[in-house]
Every structure is written in structure tokens, then in C-alpha cells.
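# Observations on chain architecture
Chain residues, written in single-letter form:
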Amino acid sequence: MKVVLVSPYIELASMGVRCLSSYLRKNGHSTRLVFLPDVRSIISSCSDFSASYPEGVDEQLIELCQDAGLVGFSLMTNYFYKVSELSKALRERLSIPVVWGGAHPTVSPEECLDYADYVCLGECEDALLELANRLEIEECPTDVPNTWSRSGGEVARNPLHPLIENLDTVPIPDYSLDDHHVLVGDTIKPLTESLMRKYWTACSYFECENDIIYETQYTRGCPYHCSFCINDHLLHLYKGESYFRRRSVDHLMSELSHIKERFPWFTHVVFTDDCFTAAKPEELRKFSQRYKAEIDKPFFTLFTDSYMVPPRVEPLLDAGLRMVEMGLQTASPRMNEIYRRKHFSSDQFVERTLDFADLSGGRARINYDIILDNPYETVSDHLKTLRLAAKLPEPKWLHLFSFTFYPGIELHRKALEDGTIEDPRVHYLKDNEKREARYINFLFVLLNRKIPTWLFRILSFPPLVYLMESPPFRFLFNRLQPIVWKRIRRARRAWAKENFTRIFENMEEADELP
Ligand code: B12
């Protein structure tokens, strides 16, 4: 059967869809991949999830689905409205079953049934294969594991397939460019190697404009279950099973070697694992030796300070680790209780990052994830985080997120119960990289701008912060800062225009706060 899989994300990485494609192909089905990156978000480097696809895109997608037996959409919560529009148009014109899968259908399946015939929860390789096999021989099965479907007002909620114990059984993600298509502007075109090269990576982790980053994972899952993250929901969904799993080094290397041979021009690798170093040191040593010998490209990954000890990180640094993303989130013990991060200790965090900085000797930078704009957090909590962030060694960069009430996370439930939010869909269109215009957030931005310490000390003097965060000044700041930033940006652009006409073309549409 021909299964069409659609990815709406700004990146062409889309590991979920590519893994499903290779799994279906390995088991006798054919697939067509359609990537619908919204180029406007790439240019403006911030996502406008409310924008509909250009006129005619739905027609082209319908055309690409004519010969399919099943159409699948992958979506995160931010893509709910965009995908529902496409799915609706498709179901009105074609009588081909539509299945939704990915982060959002997993955490909020019921509402997805208004726009899809099937919703597939959790890890879906086996479930999607079974659904395709069953649809090939019968009308509409309602007992396929992991799937929910609605008929005659009744919702069939099926139990989950057991997790894939041995991840080496999952074939490497499908990067065949065979029957792959991509949206360029308002036209869906066959995905050629040159288009792949152009659109592969949206956001450059390494801040080098031409880097082309291959994204993959060594593990699935996370050893933690913070109350603001989907992993908490996934751990509940797979209660009694060990969700955190790791591939063998052989399997990972066979994938990377294959990609290196197929696309020798990619420049970096990103392992989007939630905690890459939650492994035995000898395992990481083995990975590092093979990676250095066979791939030898700078790489970036994520881990936590608890697993950031020399025996684990030293081999990685020697193998090409050049950037690490780590969750600091907050330094407030009260907030870490709410985030269910009781393992967090400010002292250990500073000590571990100082050790890492010594070991790395400037080879690798650490990006610290920090959560701002959480209504449960007070100014005094933020000041604790600010003070800690100021102490952390260079090279560093603070990745500042705006707290987002994604469905399925514990804090979403809590906020609905205590009235902090009324509409469960309040943040469906929120870009978690877009922060409120607040003085405390401005101070974190200044830390990233590396302003002189003496000036930072004055601007972050607690009484001044409390004053600027008090309602009247907070209101003023919230109104004035966007205007001031816009003026600064305009002035910078005018200057750039004089100097770099080429850069100006790209920046024309970007007009947001940093
Ligand atoms: C890698 C990653 C990214 C990458 C690549 C995303 C991509 N898909 O291309 C980048 C950095 C680009 C990214 C960006 C964002 N991300 Co992100 N990301 C992840 C991460 C760490 C891993 C996802 C992944 O690739 N897993 C590996 C693959 C194999 O698994 P999978 O994708 O889950 O797919 C499986 C199932 O979901 C299912 N499935 C998936 N698609 C489909 C489709 C069908 C038809 C079916 C049947 C099944 C199915 O089957 C797959 C195989 O088992 C997750 C964290 C997590 N724990 O999931 C966050 C996560 C998905 N991201 C999240 C968010 C919010 C974002 C952003 C929206 C943040 C922002 N505002 O900017 C942006 C959006 C960027 C954009 N504009 O498109 C949230 C989503 C929460 C939610 N409720 O939607 C997550 C869960 C993080 C979190 N902890 O909360 N992300």
C-alpha cells in the first residue's frame, strides 16, 4: 500500500516521519514523504503558527494523495490548526483514511478525532504498520493497538503496543529522496539533493549561516520526568515499561556512515537525545572512538549536570563535541519542586559546569535552557536563576524559553484546576521562543549580550528589579520595550543596508523582539 506521510515542521529532519517511512518500506509498503516547512518562519527565525499555508497547497497535497491507501500527518501542538485545515480539505475531497500521530495526538487524542479517522498515540512504528496491513485487507479496523477512532459517536481507545525493546530493529531514518516532496514558497516540488541542501536545517545551532546539520538520536526517552515536559506524559503512558532505551554503537554508526556517504557535504551532527550521557562511560568511550574515526564532524547534544562528569564527557570532547544544551530551567528550590526536579542543586550545577569548562578548554559551548514567563514563578525565584546564570563559565549562551502550557503536561492540568488558565488551548499558537517584554527577561538577554559585570550588577540590583517588576513599571516596560527594540533594529538594518545589501534581503521580513 502507498502511505503518504506529511511533516509540517520547519525542518526537514522530522525524524519521526522518516523512521516510520523506513519501517513501512522494510515491511513491504511504499511511502511518499511530503515536507511542508513554512519558509517565512525560517527567514524571520520565529514561527508564526497561525499563518495558513499559501493558496493552493491543499490542492497540491490532495493531488499527491490520490493513489494513497492511507495519509498520515505528524504534528506538535503548535501545528494543530495548520494541520486540521489540510486534513479537513483532504477528507472532504478524498475517501482515504487519515491518521494523525506525533506529540500532539499523543497528549490530546480526543480533539484530533474531529479531523482524522485515526489517531495514533506514542511510539508508532508497529501500530502504523499494523494499520496499513489491516487497511489493505479490510474496510476500517477499530482495534489496532495505539489507535483511537470514532464511529457512530463511540470512541475506540486501544491499548498501546509494547515499546520497541531493541532500537536496533528500527531501520535508519529514510533519507532516500525517493518520492520525497517539499513545499518551496507556494509549490510542492520533488525534493532534490539541491533543495535538501537548501532547506535541510532551519535554525543553525552553531550560528554559522551555511551549516547543514544531520539530526538523529542515540536514545529514546529521558531518565527524568519534569512536570513541564512531554516525557512525564510518555512515562505515564508506558507505565511499567522502560521508556529510556539506547541503540548499539554499531547501529548508530551504520546510520551516520550511510548519511556521510550519501550527503558528504553535511557539516555537523545534532543528537537530539534528552540525555545523551545517561550511559556507562565505557559505552560513551566506544561511541567516541568510532565517531572520531568514522564520522569526525563537530556535534552537539543535550545532557544534564548529573551526567556531566569527566569520564563521560572527556571522550566526547575529544570526538568532536562542540556544543551542549543543558536544562537549568530555574535555580529556585521552590520552583524545582513544582517542576519535579528535586535532583537539581545549584552548587553541583556550578561545580559541574566549571569542571566541564576546564576540561573543554573553550572547545565546547554550553547552552543553558532557562524557563521564563511561568505564572507560578516570582521575581525572587527569577533573581536566584539570574544570579546563578551570571556565575556560569564562558563560553555560554542562555536559551531563553517562554513557559508554554502544552496539553498533557502536569502543569497544564494544574493550571486548569487552579484557574491559572481557563482555555486548555490557550498556548496552541504560542512560540515558546517568544518571551514577554519584561525587565527581568531583559536582564537575561543582557547576560547573553555579555555587558560589563559592573553595569549588570547595577541593572540587576534587587530593589531596582522589584521596582521595575512592580505593576506600573511592568506595564510601562511591556509597552515601551518592543518600540525601543524595533527602533534599534531599524537603525541596525539601515546601517547594515549600507554595508551588506545581500544580508538585507534576508532580514527584510524579520521585525520582532530578539
Ligand atoms: C528533535 C526535536 C525537535 C527538532 C526537530 C523537530 C522535528 N520533528 O523535525 C527541532 C529542534 C526543530 C524542534 C523544534 C520544535 N519543537 Co521539538 N522536539 C524534538 C524532540 C527533542 C525529539 C522529537 C523526535 O524527533 N523524536 C524521535 C522520533 C523518532 O520520535 P517522534 O518524533 O516522537 O515520532 C514518533 C511518534 O511521535 C510517532 N509519530 C510521529 N509523527 C507521526 C505521524 C504519524 C502519521 C503517526 C501515525 C505517528 C507519528 O511515531 C514516531 C515513531 O515512533 C522532542 C522531545 C520528545 N521527547 O519527543 C521535542 C518536542 C517534540 N518539541 C516540542 C516543541 C514545542 C517544539 C517547538 C514547537 C518549539 C518552538 N516553539 O519553537 C519547535 C517547533 C519547530 C518548528 N517550528 O517546526 C515539544 C512538543 C510538545 C507538544 N505538545 O507539541 C516536544 C515534545 C518537547 C517537549 N519536551 O515538550 N524539536
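All values reported here derive from a predicted model rather than from experimental measurement.

### Structural notes on the domain arrangement of the protein
Under the domain assignment, the protein is made up of domain 1 (2-169) and domain 2 (204-429). Here the C-alpha centroids of domain 1 and domain 2 sit 27 Å apart. Taken residue by residue, the interface counts 29 residues in domain 1 and 26 residues in domain 2. Our count for the contact surface shared by domain 1 and domain 2 stands at four salt bridges. For glutamate 125, the salt bridge is made with arginine 220, and the minimal N-O distance between the two is 2.8 Å.

### Let's talk about helix H17 (residues 439-448)
Burial within H17 is extensive, with 10 of its 10 residues counted as buried. Along H17, the residues that are buried comprise Tyr439, Ile440, Asn441, Phe442, Leu443, Phe444, Val445, Leu446, Leu447 and Asn448. Among the structural elements, strand E16 (365-372), helix H15 (379-391), strand E17 (396-402), helix H18 (453-459), helix H19 (462-468) and helix H20 (471-499) are those in contact with the buried residues of H17. At the exit of H17 stands lysine 450, carrying a positive phi of roughly 55 degrees.

### Let's talk about the pattern of salt bridges
According to the stated counting rule, one finds 29 salt bridges in the structure shown. The salt bridge involving arginine 32 is made with aspartate 67; its shortest N-O contact spans 2.9 Å. Residue arginine 32 is located in strand E2 (residues 30-35), and its partner aspartate 67 is located in the loop between helix H3 (57-65) and strand E3 (70-74); the two are separated by 35 residues in the primary sequence. Residue classification places arginine 32 among the buried positions, given a relative accessible area of 10%. For aspartate 67, a relative accessible area of 45% puts it in the partly exposed group. Through salt bridges with shared partners, one network takes in Lys2, Arg32, Asp67 and Asp179.

### Remarks on the site of the ligand
Neighbouring the ligand are 39 residues, the closest being Ser74, Thr77, Tyr79, Glu125 and Tyr406. With respect to the ligand, the side chain of asparagine 432 contributes an N or O atom lying 3.1 Å from a nitrogen atom. At the level of elements, helix H1 (15-26), E3, strand E4 (98-101), helix H7 (125-137) and helix H9 (230-237) are the ones that each hand at least two residues to the shell around the ligand. For the shell around the ligand, the two domains that each supply at least three residues are domain 1 (2-169) and domain 2 (204-429).

Conventions used here
Residues numbered from 1 in each chain as written. Predicted model: local features only at pLDDT ≥ 70, side-chain atom pairs only at ≥ 80, totals over all residues. Heavy atoms only, no water. Domains from an automatic or database assignment. Contact = heavy atoms within 4.5 Å. Salt bridge = Lys/Arg side-chain N within 4 Å of Asp/Glu carboxyl O. Buried < 20%, exposed > 50% of the residue type's maximum accessible area, 1.4 Å probe, protein only. Helix = DSSP H or I, 4+ residues; strand = E, 2+ residues; numbered from the N terminus. Near = heavy atom within 4 Å. Polar contact = N/O pair within 3.5 Å; in protein donor to acceptor, adjacent residues only side chain to side chain.

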